[in-house]
Amino acid sequence: MLRGVRRITLAATAVLLLALAGPPATAHDPDTAEGKAEQAEMLRIYEPAWRSGTPLVAAAPVTCVNGKAGTYPCKNVDLLSFLPQSSLGGGGSSSMWYWTDTRDSNEYILYCRSNGVSFVNVTDPSNPRYLGNLPSSNGVSSSWCDVRTYKNYAYIGKDSVSHGIQVFNLNKLQGVTTTQTFTADARFTGLTNSHTLQINQATGFLYVSGANTCSKGLTIYDIKTPLTLKQAACYSREVYSHESIVVNYAGPDTRYTGREIAFNYTGQGKRFQILDVTNKSNIVVLSSVTHPGASFIHQGFATSDYKHMIVNDETISTAGGSPDFVYNIEKLDAARFVGKDVGTRGTFVNHNGYTVGNRHFQASYRGGLRILDTTNAALASLPEVGYFDVDPSSNASGYSGSWMALPYLKNGVVAVQSIGVGLFLVRPTGAAAVS
């Protein structure tokens, strides 16, 4: 165990280096002055971090004891393994997604980087294996990359550069034993850049936010033929769509059971929206709401019973703690703001969050992975029951640390990305585990 702790010292040093400069509190849209400044700061701070870090492949977990797992602050979360950015193809890093091969149940993380996408076999979370890299289209580089999957295909987009959307057949990963460079199976050039991607697995539609199409609104593509993207709709009534979560609805509002519903987050538009996108030629706004002092409504995810939505606001003040905003969505056409939860957390900035059971898993930049209990969401109370802090040096505001945390792997394993630092695989325990 002590040897494992020593092996992560360099990784912790990399995290410390990231904290030495403070990125500006800006939004994601790269066409704004603030977004351009953010991108420049990300490149300046994060790129050198690939040169530090040593892999941790542990025979047993580095357990969270007395608030630490090795050098990392923690609560009810054990560290299983770590792969530094230098072992993942270099570049900066941002989003990631997951894929399970139904043929052999192997699990993979698709790790989005400024200069490509890394494929990591995480079937054994204590011994993850980097399989190789899919380089960016035309060698372009961007601080913003996003990836999602549909059936056995991955879709990759980048913002602020002319990249299009790459399509990659994930079946190529089966049986890979030596690291290799992959090639895309198709490239869609009907758009140049995109900010975030979302796919409804049940319907075969890809939802693209923040692209150069639809006035940066929500562009919808039919991908049921996976290598061919056909535009199906354009929702451009808002100034910007930063992200959307799309489902075939099965919540308490039975009037909409089976309808395709998009939860849309409009960034600087300061609105959380609920859209009925079933009829692509007639998208209906069911609700469009906001919260006091809204700044950049970034992303959100529903509680498991679909009664409440937990929303993060990326540029709102965190001086009094790191707030999440809770909305009641029991009636889709009458969503309403319930309240703000701050708790006793630090002043780090909340980013993407996802709910499994009664736990909300949130990537919170310098706060790392934070795990919240959603039992009392109706009261806007989201007590923190666990965390794994990838940035031991600071819980202050700023844009280093964790951009994405995915709680969808087997046996409760959570993948946690740290910008320019690498990929952590952790497992919540005790009160932090999904019940």
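Quantities reported herein were computed from a predicted structural model and do not represent experimental measurements.

Thresholds applied
Residues numbered from 1 in each chain as written. Predicted model: local features only at pLDDT ≥ 70, side-chain atom pairs only at ≥ 80, totals over all residues. Heavy atoms only, no water. Helix = DSSP H or I, 4+ residues; strand = E, 2+ residues; numbered from the N terminus. Buried < 20%, exposed > 50% of the residue type's maximum accessible area, 1.4 Å probe, protein only. 1 Å grid on protein atoms, 1.4 Å probe; cavity = no way out; pocket = protein on both sides within 12 Å on 5 of 7 lines; lining within 4 Å. Points joined across faces, edges and corners; volume = space filled by probe spheres on them. Nonpolar A, V, L, I, M, F, W, Y, C, P; charged D, E, K, R; others polar. Pairing = 2+ DSSP bridges. Axes fitted to C-alpha atoms, helices over the stretch in contact; angles between N-to-C directions. Phe/Tyr/Trp six-rings, centres within 6.5 Å; stacked < 30°, edge-to-face > 60°. Contact = heavy atoms within 4.5 Å.

Draft legend 1. Summary view of the environment of L218. Summarising the element assignment, L218 is placed in strand 16 (residues 218-222). Given a relative accessible area of 0%, L218 falls into the buried group. Expressed as a C-alpha distance, the spacing of L218 and Y240, which sit 22 residues apart in the sequence, is 8.1 Å.

Draft legend 2. Structural view of the layout of surface pockets. Reported here for the largest pocket is a volume of approximately 370 Å³. Taken together, 18 residues form the lining of the largest pocket, with W97, Y98, Q198, I199 and Q201 sitting closest to its centre. Within the residue set of the lining of the largest pocket, elements represented by two or more residues are strand 5 (93-100), strand 9 (145-150), strand 14 (196-200) and strand 18 (243-248). Of the residues that constitute the lining of the largest pocket, the class distribution is 12 nonpolar, 4 polar and 2 charged.

Draft legend 3. Highlighting the sheet that holds strand 25 (residues 336-341). Pairing in this open sheet of 4 strands is antiparallel, and the strands run 22-23-24-25 from one edge to the other. Looking along the sheet, the strands with just one partner apiece sit at the ends: strand 22 (297-302) and strand 25. Within the sheet, the average angular offset between the axes of one strand and its neighbour, ignoring direction, is 30°. Two strands pair when backbone bridges link them, and strand 22 and strand 23 (residues 308-313) are joined in this way by 5 bridges, in the antiparallel orientation. When the sheet's bridge partners are listed, Q299 is paired in strand 23 with N312.

Draft legend 4. Broad picture of unusual backbone geometry. Here N66, not a glycine, exhibits a phi torsion of approximately 55°, which is positive. In this structure, N66 sits in the loop between strand 1 (56-62) and strand 2 (68-69). N66 gets classed as exposed once you look at its relative accessible area, which sits at 79%.

Draft legend 5. The packing of aromatic side chains, seen in detail. Counted according to the given criterion, the structure contains 24 aromatic pairs. With 6.4 Å between their ring centres and 20° between their planes, F263 and F272 make a pair best called stacked. Judged by relative accessible area, F263 falls into the buried class, the value being 1%. The exposure class of F272 is buried, given its relative accessible area of 0%. On the basis of an interplanar angle of 40° and a centroid distance of 6.4 Å, the ring pair of F325 and F337 is categorised as tilted. One end of the pair, F325, is in strand 24 (residues 324-328); the other, F337, is in strand 25, with 12 residues separating them in the sequence.

Draft legend 6. Broad picture of the environment of V326. Here V326 is to be found in strand 24. Counting along the chain gives 23 residues from V326 to T303, while the straight-line C-alpha distance between them is 9.9 Å. Apart from the residues lying within four places of it in its own chain, the contact partners of V326 are H308, M309, F337, V338, G339, A377, A380 and L382.

Draft legend 7. Broad picture of the pairing of strand 9. Along strand 9, 6 of the 6 residues are buried, which leaves the element largely enclosed by surrounding structure. Neither face of strand 9 is exposed, since C145, V147 and T149 on one face and D146, R148 and Y150 on the opposite face are all buried. Hairpin connection from strand 9 to strand 10 (residues 153-158): 2 residues lie between these consecutive antiparallel strands, with K151 at a positive phi of about 55°.

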